[in-house]
Amino acid sequence: MTAETFELLYFTELAGLPVFDLKHRRIGHVRDAAIVPLIHPSRVDRFLVGAGASWLSIRYDQIASISLKGIQLSNERLYPYHSDEYMLRIKRDLLDQQIIDVNGRKVVRVNDVTFEVRRDERESLSILEVDVGVRSIFRRLMQGAMPSRMVRRLQSSIPPNSIRWDFCNIVEADPQRRLRLNISHDKLETLHPADLADIVEELSPADREAIIGTIDSEVAAEALSEIDPKMQAAILENLEPEVAADIVDEMAPDQAADALGELEDETSAEILEEMEIEPVSEVKELLEYDEDTAGGMMNTEAIVLTGDTTLAEAMQQLRKHEDLLENTHVLFLSDASGRVTAQVPLARLFLADGSTQLKELTSERLISTKPGETQKRVTELFDKYNLLALPVLEDDGSLAGVITADDVISVLRKK
Amino acid sequence: MPVTVAPPSLLQNWKRHLLVFLAVLGPGFITAMVDNDSGGILTYSQAGARWGYLPLWTLAPITLALIVSQEMCSRMGAITGKGLSDLIREEFGLRITFGIMALLVLANLTNVVAEFAGVAISLDLFGVSKFISVPLVAAFVWFLAVKGNYARVEKIFLFACSIFVVYIIAGILIKPDWKQAMIYSVKPKLMLNAEYITMLIAMVGTTIAPWMQFYQQSAVVEKGITAKEYPESRIEVIVGCILTSVIAFFIIVACAGAYRDHPTNIDSAKEAALALKPFAQYAFLLFSAGLLNASVFAACILPLSTAYSVCEGMGFESGVNKRWGEAKIFYWLYTLLIVVSALIVIAPGFMMVKMILLSQVLNGMLLPFILIFMILLINKKGLMKEWINPPAYNFIAWATVIIVIGMTVALTGITIRNP
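A quick note: this is a predicted structure, and the numbers were derived from the prediction, not measured. (Residues numbered from 1 in each chain as written. Chains lettered and ligands numbered in written order. Predicted model: local features only at pLDDT ≥ 70, side-chain atom pairs only at ≥ 80, totals over all residues. Heavy atoms only, no water.)

Caption draft 1: Representation of the sheet that holds strand β10 (residues 98–101) of chain A. Residue and element names in this part refer to chain A. Sheet architecture is open: three strands sit in the order β11-β10-β15, paired in antiparallel fashion. Each edge of the open sheet is held by one strand with a lone partner, namely β11 (106–109) and β15 (168–170). Strand-to-strand twist in this sheet, taken as the mean axis angle between neighbours without regard to direction, amounts to 40 degrees. (Pairing = 2+ DSSP bridges. Helix = DSSP H or I, 4+ residues; strand = E, 2+ residues; numbered from the N terminus. Axes fitted to C-alpha atoms, helices over the stretch in contact; angles between N-to-C directions.)

Caption draft 2: Structural detail: the side chain of Arg178 of chain A. With respect to the helices and strands, the residue Arg178 of chain A is situated in helix α5 (residues 175–180). With near-sequence residues (within four places) excluded, Arg178 of chain A lies in contact with Glu172, Ala173, Ile183, His185, Ala210 and Thr214 of chain A. (Contact = heavy atoms within 4.5 Å.)

Caption draft 3: Focus on the side chain of Asn389 of chain B. Residue and element names in this part refer to chain B. Looking at the element boundaries, Asn389 is found in the loop between α17 (381–384) and α18 (391–417). At 2.9 Å, the side chain of Asn389 forms a polar contact with the side chain of Asn394. If near-sequence neighbours (up to four positions away) are discounted, Asn389 is found in contact with Met72, Arg75, Ile378, Asn379 and Asn394. (Polar contact = N/O pair within 3.5 Å; in protein donor to acceptor, adjacent residues only side chain to side chain.)

Caption draft 4: Local environment of the confidence of the model for chain B. All names here are of chain B. On average, residues of chain B score 87 in pLDDT, and 94% of them reach the 70 mark or higher. Confidence scores differ between elements of chain B, with helix α1 (residues 10–24) showing the lowest mean pLDDT of 65 and helix α15 (residues 328–346) the highest of 95. Predicted confidence for residues 1–6 stays below pLDDT 50, and this span has two contacts to residues more than four positions away or in other chains. We note a pTM of 0.82 for the whole complex and an ipTM of 0.81 for its interfaces. (pLDDT = per-residue confidence, 0-100.)

Caption draft 5: Focus on the packing of aromatic side chains. Residue and element names in this part refer to chain B. For the coordinates displayed, the defined rule picks out 14 aromatic pairs over all chains. When the ring of Trp142 is compared with that of Phe143, the centres are 5.0 Å apart and the planes differ by 80 degrees; the resulting orientation is edge-to-face. You can call Trp142 buried: its relative accessible area is 16%. A relative accessible area of 46% means that Phe143 is categorised as partly exposed. Plain terms: the ring middles of Tyr230 and Trp387 are 5.9 Å apart, the flat faces sit at 90 degrees to each other, and that makes the pair edge-to-face. Taken together, the residues Tyr230 in helix α12 (residues 230–258) and Trp387 in the loop between α17 and α18 connect sequence positions 157 residues apart. Trp387 gets classed as partly exposed once you look at its relative accessible area, which sits at 22%. (Phe/Tyr/Trp six-rings, centres within 6.5 Å; stacked < 30°, edge-to-face > 60°. Buried < 20%, exposed > 50% of the residue type's maximum accessible area, 1.4 Å probe, protein only.)

Caption draft 6: Molecular detail of the interface of chain B and chain A. At the interface, 23 residues of chain B touch 23 residues of chain A. Counting every contact that joins chain B to chain A gives five salt bridges. Here Arg109 of chain A makes a salt bridge to Glu90 of chain B, at a shortest N to O gap of 2.9 Å. For the pair chain B and chain A, the interface holds 13 residue pairs in polar contact (both at pLDDT 80 or more). Of all the secondary structure elements, the ones that give two or more residues to the side of chain B that touches chain A are α5 (84–124) and α14 (283–314) of chain B. When residues of the side of chain B that touches chain A are assigned to their parent elements, the largest contribution, seven residues, is made by α5 of chain B. A class-by-class count of the residues in the side of chain B that touches chain A yields seven nonpolar, five polar and 11 charged. (Salt bridge = Lys/Arg side-chain N within 4 Å of Asp/Glu carboxyl O. Nonpolar A, V, L, I, M, F, W, Y, C, P; charged D, E, K, R; others polar.)

Caption draft 7: Molecular detail of the sheet that holds strand β13 (residues 123–131) of chain A. Residues and elements named next belong to chain A. Taking strand neighbours across the sheet as the criterion, the four strands line up as β1-β12-β13-β14 in an open arrangement whose pairing is antiparallel. If you trace the sheet from one side to the other, it starts and ends with β1 (8–10) and β14 (162–164), each paired once. Going across the sheet, the axis of each strand differs from the next one's by a mean of 40 degrees, ignoring polarity. Relative to β14, β13 runs antiparallel, the two sharing three bridges. Across the sheet, the residue bridging to Val130 is Ile163, located in β14.

Below you can see the structure in the form of structure tokens.
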């Protein structure tokens, strides 16, 4: 009987297919298939065939044809399978495991794998999609209980749910294996930090640490800031202190202080030891404050200028502090002794011309607070005066830090 | 620069342990309290009322098995950071997971039925018809998890569990024959009697229920307990398990005392409430309040934990923070468990107490299947590293599996021979 042509093959169908040699003798059944990511990201490179008690490893270029009836070899040189570290084995390493769907921004469990059957001078398989959802569960449960073709017919009424292989990110906690299998977490860096945080929270601790520890430290810092502080602490604690320090360096000082505050003193000392000089002093200062006070909520990064600065000069200053812009809503003005006297909402800068002095643009009054003020009172101030930012002043009137609306929202969400 | 740390003094050490203990408090205690749900209360009551002090000897081995199984789950949760159904799926594949999940859904459906039956009979003592009480509680439970703030209510439930103290007081006031109670606590009594074996299986099933294994492990993972805090978490588990059994002991003693002259099968809430007769006219009130709280508490946890376990194992999206469209299967499963159970209970002619007891027998019969997979998992070196099961744990766990299967086989044999 001639093999019917088909474009797709599922792993559940591939597993168990008989393999025939040149004389059409059955030599065994497919047990697993593997890709070698260092050579090709999606082509099935090896077929592991169980023949009697031992396994054979068959390379993709030793195969003539693949059909639901079986696999026909084109070559007789067969090698026994010995565990190969460079293989990503579908059944062992992919099936039933969790992977990250980068496009759908979630963690999913692999039920089955769909291959595309490529027909050039020989027939080969290439991973097209990873299947999740009811259809693939049905396929797994039914395979072997009835003929493949009947399973295919029955499943067609269930809507498919698959993720393109390009969008799949495998999570591998072991760094050496990650290198050998050419697994990178680069794709995750394109996610919004908040989405990445949600994904990381769903994974097991080892996988969490693997991801946060390997992606770009700036992305890691942003994602980590969105994670629950207790979990933040658990992740940082298990990273190498240098890696943890790189990440904490990139966090806003207030968030860095919150994260380190959850750690045991010994661990946070180790991380602080590894950090760069400038952020470390700010973080250390913030660590002094009680978490439930204005001091514990504030950020030490703010732009303070004098009242006679012109708008043009101010703009120059802002360009220098580009990294602060995202959380800057107001500029603070101080007098000669460093006392903060007024604030200028950033939006006002757009309407004035370059020679205007900042003191002409100030808000009517300056609402401020002290580092020891309670969280509750700070929240009330934000509500009452509709603030975007609230300066925290030391007793001598100098700026200790700034609390922004997002800090208040975090506090309220936690309650 | 190396950081030098002074070795902590003994006192500091204790303080640290205490602090960590308080931080990990929760999973073990909640599981222990929910363990004494309507199925638990009625099974122990029946055991005492029908067999007196005879079944007391089972409590020690059951407690040991309970500690071992719960400890295994917590350890797996702390070391792997994954739930039990996740692990079963990753290590044993989809078919086995599907089978186990089917068993879990079946066992838990009967448990939820038992909880709603508990609601029905406890409020029935005050003349509230089950046609009113069950739908109301079902709706309350559904909304609490999906729309409400369960975490806050949980503390109220937990606090209300202290009502179980009345059993301890009643057990003492009823002036039981302590000498006999003590003797039977350590003297095993075996009988090849279908009724007796059924009761033994029910006692195992209600104390070491399949759902607890999944719930305990998820709770440990959720709480973020890791290998480092594990020693304290283990203490919490052990204390919780012992607490469960202490309450069980006094329920049996109180019932045995109340029915010492005329052992009887409990068929109604009134009969079960008789254990609290030292409280005179308050007996019904106390019994009803305790049973109601336990039933509603468990009814809140069971359907939700079932839906989570199943969806995690099968890879469906889950979580009450997801919208209905995102996690359809999760919400449907959750809703169906509640609705179907409530409908079963309000069906005319439903025999409440009998069905509650039967549900616990079923739990006991299904337990070995879950336990076997737990033992296989926890002995995987690749998964647990140096935390694999010590031989003594394996021995106790396997013994539990074999004994429960043995009792089930014996029961089947007896039933077939004397229909």
